[in-house]
Amino acid sequence: MCGIIGYTGKRNAKDVILSGLFSLEYRGYDSAGMAVVSEGKTVTVKTAGKVKMLENAANSLNLCGSIGIGHTRWATHGAPTFENAHPHTQGRVTLVHNGIIENYAKIKTALEKEGYRFSSETDTEVAAALIDSRLSAEGDPLKAIGSATEKMRGSFAFAMIIEGFPNVIFAARRDSPLIIGTGEEEAFIASDITAILKYTRNYLIPESGDIARVTSDGISVFDSDLLPVAREKKVSVWDTESAEKGGYPHFMLKEINEEPTAIKNVISGRIKNGVPDFSGDGENIVARLASTDRIFTVACGTAMHAGLFGKYITEKLARRPCECELASEFRYKNPIVGKDDAVIVISQSGETADSLAALRLAKEKGAFTLGIVNVAASSIAREADNVIYTRAGPEIAVASTKAFTVQATVMTLLSVAIALESGKIDAETAKRITSELSYELPEAIKILAGDDGHIKKIAAEISKSENAFFIGRGIDRYAAEEGSLKLKEISYIHSEAYAAGELKHGTLSLIGEGVPVIASACDRALYEKTKAGLSEAKARGAMTVFVSPADICTEKDGDFVIALPCISEYIAAISAVTAYQLLAYHTAVMRKTDVDMPKNLAKSVTVE
Ligand code: F6R
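Nothing here was measured: the structure is a model prediction, and the numbers come from that model.

Okay, helix α18 (residues 569–590) next. The end-to-end C-alpha distance of α18 is 31 Å, a good match for the 32 Å that 22 residues give at a rise of 1.5 Å each. The first or second residue beyond α18 is Lys592, which carries a positive phi of 60°.

Moving on, we get to the environment of Ala75. Looking at the secondary structure, you find Ala75 in the loop between β4 (67–73) and β5 (88–90). For the pair formed by Ala75 and Lys106, sequence separation is 31 residues and the distance between their alpha carbons is 20 Å.

With that settled, consider the site of the ligand. Close to the ligand lie 13 residues, the nearest being Ser347, Gln348, Ser349, Thr352 and Glu489. Ser347 is positioned such that a nitrogen or oxygen atom in its side chain is 2.6 Å from an oxygen atom of the ligand. Here an oxygen atom of the ligand sits 2.4 Å away from a polar atom, N or O, in the side chain of Thr352. Across the complex, the protein chains shield 89% of the 400 Å² of accessible surface that the ligand would expose by itself. If you list the elements that add at least two residues to the shell around the ligand, you get α9 (301–318) and α16 (475–491). Of the residues forming the shell around the ligand, the biggest block, three residues, is contributed by α9. In terms of residue class, the shell around the ligand is made up of four nonpolar, seven polar and two charged.

For the pair α9 and α18, interaxial distance at closest approach is 12 Å and the crossing angle is 170°. Here α18 runs roughly antiparallel to α9, going by the angle between their axes. On α18, the residues touching Phe309, Tyr312, Ile313, Lys316 and Leu317 of α9 are Glu569, Tyr570, Ala573, Ile574 and Val577. Counted by class, the contact of α9 with α18 contains eight nonpolar, no polar and two charged residues.

Neighbouring strands of a sheet are bound in pairs by backbone hydrogen bonds; such pairs are parallel or else antiparallel. Pairing within the open sheet is parallel, and its five strands lie in the order β24-β23-β25-β26-β27. The sheet is open, and its two edges are formed by β24 (494–499) and β27 (560–564), each paired on a single side. Between one strand axis and the next, the sheet turns through 15° on average, direction left out of account. Sheet topology note: the strand β25 (residues 516–520)/strand β26 (residues 543–549) ladder contains five bridges and is parallel. Bridge pairing links Val517 to Thr544 in β26. Against the sheet, helix α15 (residues 454–462) contacts β25, β26 and β27, and its axis sits at roughly 145° relative to β27.

Let's shift gears to the domain arrangement of the protein chain. The assigned domain composition of the protein chain is domain 1 (3–242), domain 2 (245–448) and domain 3 (451–596). Tallying the contact residues gives 38 residues for domain 2 and 34 residues for domain 3. Between domain 2 and domain 3, a total of about 3,100 Å² is buried, with carbon and sulfur atoms accounting for 70% of that surface. On the surface where domain 2 and domain 3 come into contact, there are two salt bridges. Here Lys316 and Asp523 are joined by a salt bridge, their closest N and O atoms 3.4 Å apart.

Glancing now at α16. In this model, α16 (17 residues) spans 24 Å end to end at C-alpha, consistent with the 24 Å of a helix rising 1.5 Å per residue. Across the 17 residues of α16, 13 count as buried, placing the element largely inside the fold. Downstream of α16 by one or two residues, Tyr492 has phi in the positive range, about 65°.

A word on the sheet that holds strand β13 (residues 218–222). Strands sit in the order β5-β6-β7-β8-β12-β13-β14 across an open sheet of seven strands; the sheet is antiparallel. Across the chains shown, the open sheet's two edge strands, defined by having one partner strand only, are β5 and β14 (228–229). Pairing of β5 with strand β6 (residues 93–101), which is carried by three bridges, proceeds in the antiparallel orientation. The residue of β6 that forms the bridge with Thr89 is Thr94. Its contacts with the sheet put helix α4 (residues 123–138) on β5, β6 and β7 (154–162), and the angle it makes with β6 is roughly 125°.

This brings us to the environment of Ala195. The topology assignment puts Ala195 in the loop between β10 (186–190) and β11 (202–204). For the pair Ala195 and His97, spaced 98 residues apart in the sequence, the C-alpha separation amounts to 16 Å. Among all residues touching Ala195, those that are not within four sequence positions of it are Ile5, Gly20, Ser23, Leu24 and Ala190.

So, on to unusual backbone geometry. With omega at 0°, the peptide bond leading from His86 into Pro87 counts as cis. At Glu39, a position not held by glycine, the phi torsion is positive, near 50°. Tracing the chain through its elements places Glu39 in the loop between β2 (31–38) and β3 (41–48). Taking the relative accessible area as the measure of exposure, Glu39 reaches 69% and is therefore exposed. Here the phi dihedral of Arg391 falls at roughly 50°; this positive angle occurs in a residue that is not glycine. With respect to the element layout, Arg391 can be found in the loop between β22 (386–389) and α13 (402–421).

Turning to the pattern of salt bridges, a few remarks are in order. Evaluation of the coordinates by the stated rule reveals 33 salt bridges. In this structure, a network of salt bridges that share partners links the residues Asp175, Arg360 and Glu383.

About the cut-offs
- Residues numbered from 1 in each chain as written.
- Predicted model: local features only at pLDDT ≥ 70, side-chain atom pairs only at ≥ 80, totals over all residues.
- Heavy atoms only, no water.
- Helix = DSSP H or I, 4+ residues; strand = E, 2+ residues; numbered from the N terminus.
- Expected span 1.5 Å × (residues − 1).
- Near = heavy atom within 4 Å.
- Polar contact = N/O pair within 3.5 Å; in protein donor to acceptor, adjacent residues only side chain to side chain.
- Areas by Shrake-Rupley, 256 points an atom, 1.4 Å probe, with all protein chains shown as cover.
- Nonpolar A, V, L, I, M, F, W, Y, C, P; charged D, E, K, R; others polar.
- Axes fitted to C-alpha atoms, helices over the stretch in contact; angles between N-to-C directions.
- Parallel < 35°, antiparallel > 145°, perpendicular 65-115°, else oblique.
- Contact = heavy atoms within 4.5 Å.
- Pairing = 2+ DSSP bridges.
- Domains from an automatic or database assignment.
- Buried area = accessible area lost by both parts, 1.4 Å probe.
- Salt bridge = Lys/Arg side-chain N within 4 Å of Asp/Glu carboxyl O.
- Buried < 20%, exposed > 50% of the residue type's maximum accessible area, 1.4 Å probe, protein only.

This is the structure:
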């Protein structure tokens, strides 16, 4: 969480920083700030609130420098106030930070004894003071950063300006994401590539523990022993357009509409002779998964729901034991996992702290690890034994949409491959599901996304409520989980997901006049049973919405019915989630919430 940016070159640093911060705002939007070296002096501007407010404040000043750093904050230590906004200055050091310094209180006490005084409640101001203190002792900025970071426990990506070094930005990272972009006589530091795509697609990623000295003439990277190291140069396949709204009112709607293309991209090159083929992603991935004792899918939030889809389909189709675990639980439960198991970590950002920690734990225990990741060269992608990239392009809206669709698509394709490898399905079945994923699913989603107002009409009803329930059986139970998360996340309507058979075991007492109960039944074997669950809610006054394949549902199935334009269970269930995404989107728009940046959240959760 938090986005950081730095620039040095010939352009107006303020403009580059603001543009970068607007792109990074999805990482946090509690406060924003920047420091620019203008006419030899470091000028800091900050505001509580979003980057737009910072832009207004910065534009009222004559900031003409061409070197500077910026920050958009998701509060960890200290409230989202002006005082706690970054950058923080202590002595000669002005610093922006993404991460958490766990032992900051102890360091702060020691620094106070040295005479440092603090005006914020942040761990970042303490980091700035510690580096300044080490600078006084060491004289050399690299040594100062090295010895200061050695004393810090936790994670960080720092960008800093140090008085006396007017043309340099220093950067350091441990675990938190950080890239360095390179251009013609200019350089950039950013939390991710989308912040600088407007200027360059060339970048490198410092390893955890690296310190960098960045000037417009060149970049030097040092390892934790301060020895110069070369880090691989990369070129992003994303372009500026993919990180902009392209005429849509919100990123979320744009990203839902990108799902058909994203599905085609993720499948492309992964089919041979009509069946799934992951050989391009690494040798023997499928054979390894098919021969392990157990498969775990591990992730957080929406990505975990894709893991639940994976669990369900792997068990049903491949008849292999598969557990889905929340990364934040898995990492602390001393899981029973070892060298005969496989752990699949699913993550859009590839940087989620709990998912990364779960991956490291699984590796430590000797399991085969596979990352299903969207962001190229992110930590999970680099650290897993193998990675399958989901190729969805940048996802900017905080609420995940297309990332889920491609994760669920990959999990389905992978389950089909494992089932075929283990002889649990024949080639014809594998070909049928693969073809449905490749053609039927993108078409169905295109039709749903082009909805001419039916889903909006349902959203108008839901938007009047303060509570909602999603139910389903089998795979639909997991679609319900994701639908419910999406609705509450962006519309702020309290929502819960239940297995359809569970309502009568307590929850029915919450159902009253007009309370929306939304059910999907993509598994036709469970259609009647799910309908019965919905009828029980209807009998208690609920406003019911029924979602199921067009060939089995009828208008009488609910107060409102969404007929999915696809037939088979797994494919229909993925498209049901798209219908839920649209329902959540329109509901949130009607409730006038900040759809792309819901309150209190951030896209990339790099703290645990
Ligand atoms: C919800 C949402 C989150 C993420 C979760 C994991 O809409 O986006 O629940 O799915 O924070 O993030 P990644 O996939 O980046 O690991």
